[in-house]
Amino acid sequence: MTDRPQASARALDGELLGRLDRRRPGLLVGSLASGALVLVFFYCWGYQIANGIGVTGINRPVFWGFYIINFVFWIGISHAGTLISAILRVTKAEWRRPVTRSAEAITLFALAIGGLFPLIHLGRVTIFYYMIPYPNSRMLWPNFRSPLVWDIAAITTYIIGSALYLFLPLIPDAAVMRDRAAAGLKKRFYAVLALGWRGTSQQWHSLEWGIRILAVAIIPVAVSVHTIVSWDFAMTQTPGWKSTIFGPYFVVGAIFSGIAVLMIAMALLRRGLALDRFLTDRVFNNLGLLFVTMSLVWGYFTFAEHLTVWYSGDLFEKNVHHVLLHGDFAVPFWTMVVVNLVIPVAVLSFPRGRRPLPTALVGCGVLVGMWLERFLIVVPALSTPRLAYSIGDYLPSWVELGIMIGAIGVFACLYFTFTQLLPIVSVWEMREGWRHAAGGGESGRTSGAAPTATAAAPAPGGGGA
Amino acid sequence: MTRWGMAIDLDRCTGCEACVVACAAENNIQTVGEEQAREGRAMHWLRIERYYEGEFPNVRTRFMPVLCQQCGAAPCEPVCPVYATYRNPEGLNAMVYSRCIGTRFCANNCPYTVRVFNWFDAEFPAPLDSQLNPDVSVRPGGVMEKCTFCVQRIQAGKDEAAQEEREVADGEIKTACQQSCPTKAIAFGDLEDPDSEVSRWAESPRAFSLLGDLDTRPGVVYLSGTEWREPAE
Amino acid sequence: MTAAAQDHLVEAAFERVEDVRAVVEAVLESGVAASQVEVRSPAPLEEDELPLPKPKSRVLLFALAGAVLGGLTAFGLAAGTALAYPLPTGGMSIVAGPPVGVVTYEGTALGLIIMTVLRVLWEGGLLPGRAIRGGRGRASELDHHVANGRLLLRVHGLSEEQAGRLRDWSRAAAVEVG
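Bear in mind the structure is a predicted one, so any value in this text is a computation, not a measurement. (Residues numbered from 1 in each chain as written. Chains lettered and ligands numbered in written order. Predicted model: local features only at pLDDT ≥ 70, side-chain atom pairs only at ≥ 80, totals over all residues. Heavy atoms only, no water.)

Colleague: I'd like a description of the side chain of T175 of chain B, backed by residues and values.
Modeller: Residue and element names in this part refer to chain B. Tracing the backbone shows T175 in the loop between α5 (151–163) and α6 (176–180). By relative accessible area, T175 is classed as buried at 1%. Filtering out sequence-adjacent residues up to four positions away, T175 remains in contact with M6, F149, C150, R153 and F188. (Helix = DSSP H or I, 4+ residues; strand = E, 2+ residues; numbered from the N terminus. Buried < 20%, exposed > 50% of the residue type's maximum accessible area, 1.4 Å probe, protein only. Contact = heavy atoms within 4.5 Å.)

Colleague: Report on the environment of L39 of chain A, specifying residues and quantitative values.
Modeller: Residue and element names in this part refer to chain A. The topology assignment puts L39 in helix α2 (residues 25–51). Given a relative accessible area of 63%, L39 falls into the exposed group. In this structure the C-alpha to C-alpha distance between L39 and A407, which are 368 residues apart in sequence, comes to 10.0 Å.

Colleague: For the packing of aromatic side chains, give the residues involved together with the corresponding values.
Modeller: Scanning all chains against the criterion turns up 40 aromatic pairs over all chains. With a centroid separation of 5.8 Å and 45° between ring planes, the pair formed by F233 of chain A and F250 of chain A is classed as tilted. Taken together, the positions of F233 of chain A in helix α8 (residues 201–234) and F250 of chain A in helix α9 (residues 246–272) put the pair 17 residues apart, joining distant regions of the chain. Its relative accessible area of 1% is what places F233 of chain A among the buried residues. Classification of F250 of chain A as buried rests on a relative accessible area of 3%. An aromatic cluster is defined as three or more aromatic residues linked by ring pairs; in this entry it consists of W64, F233, W241, F246, Y249, F250, Y300 and F301 of chain A together with F105 of chain B. Lying over the aromatic face of F117 of chain B, R104 of chain B brings its terminal NZ or CZ to 5.1 Å of the ring centre. The cationic tip of R119 of chain C hangs over the ring face of F62 of chain C; the distance from NZ or CZ to the ring centre is 4.2 Å. (Phe/Tyr/Trp six-rings, centres within 6.5 Å; stacked < 30°, edge-to-face > 60°. Lys NZ or Arg CZ within 6 Å of the ring centre and 35° of its normal.)

Colleague: Tell me about the sheet that holds strand β1 (residues 4–9) of chain B, and name the residues and values.
Modeller: Residue and element names in this part refer to chain B. The strand order across the open sheet built from 4 strands is β8-β1-β10-β9, with neighbouring strands paired in mixed fashion. Two strands close off the open sheet at either side, each with one partner strand: β8 (186–190) and β9 (207–208). Of the strand pairs in this sheet, β1 and β8 are connected by 5 bridges, and their pairing is antiparallel. Within β8, the residue paired with A7 across the bridge is A187. (Pairing = 2+ DSSP bridges.)

Colleague: Could you give an account of the interface of chain A and chain B, naming the residues involved and the relevant values?
Modeller: Between chain A and chain B, the contact holds 44 residues from the first and 53 residues from the second. Together chain A and chain B conceal approximately 4100 Å² of surface at their shared face, both sides included; 57% is due to carbon and sulfur atoms. The tally of links between chain A and chain B comes to 0 salt bridges. If you look at where chain A meets chain B, you find 27 residue pairs in polar contact (both at pLDDT 80 or more). Taken together, the elements giving at least two residues each to the side of chain A that touches chain B come down to α6 (147–180) and α11 (315–325) of chain A. Across the side of chain A that touches chain B, the residue classes break down as 24 nonpolar, 15 polar and 5 charged. (Buried area = accessible area lost by both parts, 1.4 Å probe. Salt bridge = Lys/Arg side-chain N within 4 Å of Asp/Glu carboxyl O. Polar contact = N/O pair within 3.5 Å; in protein donor to acceptor, adjacent residues only side chain to side chain. Nonpolar A, V, L, I, M, F, W, Y, C, P; charged D, E, K, R; others polar.)

Colleague: Which residues make up a nonpolar patch on the surface, and what values go with them?
Modeller: Residues and elements named next belong to chain A. Taken together, the side chains of L37, V40, L401 and I405 make up a nonpolar region of the molecular surface, amounting to roughly 280 Å² of accessible area. Taken together, the elements giving at least two residues each to the nonpolar patch come down to α2 and α14 (398–421). Along the chain, the position of V40 falls in helix α2. A relative accessible area of 32% places V40 in the partly exposed class. (Patch = residues over 30% accessible without salt bridge, like charges linked within 9 Å, V, L, I, M, F, W, Y side chains within 5 Å. Areas by Shrake-Rupley, 256 points an atom, 1.4 Å probe, with all protein chains shown as cover.)

Colleague: With reference to specific residues and values, describe the nonpolar core.
Modeller: Grouped together as the largest cluster of nonpolar side chains are 227 residues, with contacts concentrated most on F233 of chain A together with F149 and Y222 of chain B. Among all residues touching Y222 of chain B, those that are not within four sequence positions of it are I8, L10, M64, P65, V66, L67, Q69, R206, A207, F208 and L210 of chain B. V23, V24, V39 and L52 of chain C belong to the second-largest nonpolar core, a separate cluster that totals 20 residues. (Core = buried A, V, L, I, M, F, W, Y, C linked by side-chain atoms within 4.5 Å.)

Colleague: Explain the interface of chain C and chain A residue by residue, including any values.
Modeller: Interfaces are often sized by the accessible area lost when the parts come together. Facing 59 residues of chain C, the contacting portion of chain A comprises 54 residues. Carbon and sulfur atoms supply 66% of the area buried between chain C and chain A, which totals about 4800 Å² over both sides. Together, P44, E106 and L126 of chain C form the three largest contributors to the area buried by chain C at its contact with chain A, with a combined 13%. Salt-bridge contacts for R198 of chain A lead to D143 of chain C; the nearest nitrogen and oxygen are separated by 3.1 Å. Counting residues per element, the ones that place at least two in the side of chain C that touches chain A are β2 (37–40), α2 (59–84), α3 (97–123) and α4 (143–147) of chain C. With 15 residues, the top contributor of residues to the side of chain C that touches chain A is α3 of chain C.

Colleague: I'd love a proper account of helix α5 (residues 160–173) of chain C, names of residues and values included.
Modeller: Residue and element names in this part refer to chain C. When we look at burial in α5, the residues that qualify are Q162, A163, L166 and S170. One side of α5 holds all its buried residues, which, seen down the axis, span an arc of 95°. Turned more than 90 degrees away from the buried face of α5 sit E160, E161, D168 and A172, all of them exposed. (Arc of directions from axis to C-beta.)

Colleague: Kindly report on the side chain of T236 of chain A, identifying the contributing residues and their values.
Modeller: Inspection of the secondary structure assignment puts T236 of chain A in the loop between α8 and α9. Polar side-chain contacts of T236 of chain A include one of 3.2 Å to the side chain of T238 of chain A. With near-sequence residues (within four places) excluded, T236 of chain A lies in contact with W241 and K242 of chain A together with F105 and N109 of chain B.

Colleague: Tell me about the packing of α2 of chain A against helix α5 (residues 100–121) of chain A, residues and numbers included.
Modeller: Residue and element names in this part refer to chain A. Between α2 and α5, the least distance of the axes is 11 Å, while the angle of their chain directions is 25°. Judged by the inter-axis angle, α2 sits roughly parallel to α5. Residues F41, W45 and Q48 of α2 form the contact with α5, whose participating residues are L116, L119 and I120. Grouping the constituent residues of the contact of α2 with α5 by class yields 5 nonpolar, 1 polar and no charged. (Axes fitted to C-alpha atoms, helices over the stretch in contact; angles between N-to-C directions. Parallel < 35°, antiparallel > 145°, perpendicular 65-115°, else oblique.)

Colleague: Go over unusual backbone geometry, please, and point to the residues and values.
Modeller: Along the chain, R60 of chain A connects to P61 of chain A via a cis peptide bond; the corresponding omega equals 10°. Position of P61 of chain A among the secondary structure elements: in the loop between α2 and α3 (66–77). Of the consecutive residues F56 of chain B and P57 of chain B, the connecting peptide bond is found in the cis state with omega at 10°. You can see P57 of chain B is positioned in the loop between β2 (47–53) and β3 (60–66). For Q70 of chain B, which is not glycine, the phi dihedral falls at a positive 45°. Among the secondary structure elements, Q70 of chain B is positioned in the loop between β3 and α3 (76–79). Here the phi dihedral of K184 of chain B falls at roughly 55°; this positive angle occurs in a residue that is not glycine. Turning to its location among the elements, K184 of chain B is positioned in the loop between α6 and β8.

Shown next as structure tokens:
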């Protein structure tokens, strides 16, 4: 990725493999520490199943609480990977190469957790399969008019799609690990994952076709997933939810929070695995530009949503609006505005702010802000129903808090383990990038002709040649 | 075809809550206790909403019994993923408890907030268990429920009429709340029958639908002589 | 010439594509068919980097077929099941267009994605029980070179004489010859 490609490609190759080979005790400690939170997660869930959903703080009228908030939050984070990596792949942005794998892994794990929350939320989780279309004894099928069934369709598609989208480019790297491992359990593990990959030209050709198609196909799926999640709210009559902007608003919010996690993960990876040469400053700069763009779009959507409600003067809508901006929820609301809009724009507008540490810190703030956003969508609308007699409030119980914190642990545990076992930077894609950079005019043609991703700088391959 | 409906004369309602008690007794509604009630988990299918008008000492209290409106275009129905709530041919929004998995989506989409949820398994410690109505199932925890228009009484009335080979007469079937109302503020019957008491009440110039702007086409009609401001403040 | 004499396999690992190209050109000139030549690389090669026929792929075709299949299945589920067990809806439509559209959309994408991956694995001989003909997908002693970023040239079905010649050509530039 530098000016001396031919000479340094070999050295870079060796360095990358060396980084991936090295044992990282920190990762193991991370896995174990977060493993403890996994126990918290399952303890709390088990406690809830044994005692009833009433161990939560939800009530009438706030029938949905932390579980739905966290569901939306995690599904949002899942948009880090697949969507961003697919957009970068489709636009042939060269700087994607070190990013895609870590992003796609975030997607899969966040999605697995996000997909659990609607189940945790059910009153009777033991019969959750009533929602799945299968020919049961009475031949009564699910109600396909319910947005929850759309959710199942969308999330199933997305989780299978992103698992395969992570797996397909991983096959050649699993083969690398297999062929470099000494005979034993490790080698057999990688051999299973590599499926007998040898790197023949036919295999590469088919794989490239596959990745190309998946990258295009996964973008509309990702957009549809968060749109449908938003429709769980927007399809209702509930004041504060019934809004046409929710679809795109959720998609933007999802990408925004997704980039936040990606920034944090990449800063940690760069530091923890000493990957400075691969996750370069340029990568952080480009992602930082994308990040601040999403912050501005998010701010615009938020403004548009609340302006229309405020101006309409609709009595019930204004009640919700009032508790949000001036009432019980004003503190979280304005906190959200600060961490999601004011701080990101103030920091990321400057090149010095788009370095690993500041972007990661901004990312932490945005995560808090986007969680608050989901909280502010779910709770105020429900606690302010049309018939004022039923106005209520909501405080989570320890079970809900435990599951929420535990879920973070599950995610961390999966991510640490994945990083330990498999190359978190795609080896073959880096090699391909070095080849392009070394190829001079020939590859300069390919990458130079490629449009660059959103606000990103031109691809280094084109610039270098 | 029958469309079961109810008319409630607010000018007659004294807010005595006899209907609330009768409803709980008839329908085996769980008593959740003080602590749960404080958390907003009381399970009344029928509640008396109280609104105060005027400044002290010239205060006037208005009462409004609110129960499931048995909407003709019910927002709760299409959102249920498992058809646990659906519209039966006689105009009732029926609940199939055994299918309910507890997503609580229906309750969120109910503009009247009349659906209640079993947060825990129901407990009827002795001697309460002796007064359970054998015609009504006891709902397990994790299941949504709401006013059924005393569907068990409707069924019994229809069975009896069928055995005697006649039509159900108007006023023959009484819901528990109606039966217990000391001021006779509630009428129940077939809205499709123009001569029924409930239809005649519904024709009254005093009649209105709760949150009528939403066009949910409720099966419950309210009557009030004074202009009823929608209680949103 | 008997068949037994034609079963020699020569493998050679190279550092640079240019060296592989030179050897492949010589091999093809000596009368060996392009179908006998197999190149394993650590990353995809450009089309014109080696004088070998471009591999063919039908992934796109299968992807589209999968999309149609998935879409039809989802459409059948969403619309068909509602008609098979029509519940009273109180005047609302039993089969509503937009929900059927949403479910069909997701089914189309799912079918496309699954078929794409299955076809990629099939073409690459990566599915259990499906090997590529001619031992192309077999493990080699020299595979570790590919893992470490080098190229591996394998030429199948050579006579002893051809094999010997190829080994000589390769020795000049190759990292290892087997």
